[in-house]
Amino acid sequence: MDKETLQAFSTRVTQANRSELVVVIYEIALASIKEGKEALEAGALADARHEIERAKGMIQELMFALDMHYNISTYLRQLYIFGYRELCQGIAYRDPERFDHTINILEGLLPSFREVAKQDKSEPLMKNTQTIVAGLTYGPGSDLRETIGVGVNPNRGFKA
């Protein structure tokens, strides 16, 4: 994953509440699996391993975050374990098609978690982070200019 993509995910993590954080973890895992699959198909085993290790870490985070007091958590855990195992076997056997099983699981669950995140109006988990504000201003000659400020007054502009 390139530096710019990692930076975007990092920014989203700092601004996320619990539900949004789950969505970000899903998206990171999916992006890493897809890049790992491409790398493995291209014969770049080291790059594939690196991306799949990142994806495995994200799936572990999802497993650790489950509240096992709810029945659905048992089913989610089983899906995560299966997906994790498929990633391990895909690398071990150098079979990128196994990654598709995990991709299908995560892509199937992601829309539901996005819907939950839309409804969750709780505060971001991380405190003492810089506020990111983006907006448009008019420059000389009525040119529109995009501005992004970090740590500026949060009452100005559009929060990203």
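Structure's up top.
This one's a predicted model, so the numbers in the text were calculated from it and none came from an experiment.

Chemist: Any details on the side chain of E51? Residues and values, ideally.
Modeler: With respect to the secondary-structure elements, E51 resides in helix α3 (residues 45-64). At 3.3 Å, the side chain of E51 and the side chain of S32 are in polar contact. Beyond its immediate sequence surroundings of up to four residues, E51 is in contact with M1, S32, E35 and G36.

Chemist: Lay out a nonpolar patch on the surface with the relevant residues and their values.
Modeler: A surface patch of nonpolar side chains, about 400 Å² in accessible area, is lined by Y70, I72 and Y75. Topologically, Y70 is positioned in the loop between α3 and α4 (71-92).

Chemist: So what about the environment of D100? Which residues, and what values?
Modeler: One can find D100 in helix α5 (residues 99-119). In this structure the C-alpha to C-alpha distance between D100 and G90, which are 10 residues apart in sequence, comes to 9.5 Å. Looking at D100, its side chain comes within polar contact range of the side chain of K37, at 2.6 Å.

Chemist: Give a detailed account of the packing of aromatic side chains, specifying residues and quantitative values.
Modeler: Per the stated rule, a full pass over the model turns up 2 aromatic pairs. Consider the rings of Y26 and Y80, whose centres lie 6.4 Å apart with planes at 65 degrees: the pair is edge-to-face. Of this pair, Y26 sits in helix α2 (residues 18-41) while Y80 sits in helix α4, and the two are 54 residues apart along the sequence. Exposure remark for Y80: the relative accessible area of 3% places this residue in the buried category. Measuring from ring centre to ring centre gives 5.0 Å for Y26 and F113, while their planes differ by 35 degrees; the resulting arrangement is tilted.

Chemist: I'd like a description of a negative patch on the surface, backed by residues and values.
Modeler: Taken together, the side chains of D2, E4, E35, E38, E41 and E97 present a region of like negative charge at the surface. Take the negative patch: its biggest share by element is 3 residues, from α2. Note that E38 resides in helix α2.

Chemist: I'd like to hear about the pattern of salt bridges, residue by residue, with values.
Modeler: For the structure shown, the criterion picks out 9 salt bridges. We note a salt bridge from R12 to E27, for which the minimum N-O separation is 2.4 Å. On the criterion of sequence distance, the pair formed by R12 in helix α1 (residues 3-15) and E27 in helix α2 is long-range, its members being 15 residues apart. For E27, a relative accessible area of 15% corresponds to the buried category. Taking the shortest distance from any N to any O, the salt bridge between E115 and K118 comes out at 3.9 Å. Pair noted here: E115 and K118 are both in helix α5, with a separation of 3 residues, about one helical turn.

Cut-offs and rules
- Residues numbered from 1 in each chain as written.
- Predicted model: local features only at pLDDT ≥ 70, side-chain atom pairs only at ≥ 80, totals over all residues.
- Heavy atoms only, no water.
- Helix = DSSP H or I, 4+ residues; strand = E, 2+ residues; numbered from the N terminus.
- Polar contact = N/O pair within 3.5 Å; in protein donor to acceptor, adjacent residues only side chain to side chain.
- Contact = heavy atoms within 4.5 Å.
- Patch = residues over 30% accessible without salt bridge, like charges linked within 9 Å, V, L, I, M, F, W, Y side chains within 5 Å.
- Areas by Shrake-Rupley, 256 points an atom, 1.4 Å probe, with all protein chains shown as cover.
- Salt bridge = Lys/Arg side-chain N within 4 Å of Asp/Glu carboxyl O.
- Phe/Tyr/Trp six-rings, centres within 6.5 Å; stacked < 30°, edge-to-face > 60°.
- Buried < 20%, exposed > 50% of the residue type's maximum accessible area, 1.4 Å probe, protein only.
- Lys, Arg positive; Asp, Glu negative; His and termini not counted.
- Charge placed at Lys NZ, Arg CZ, Asp CG, Glu CD.

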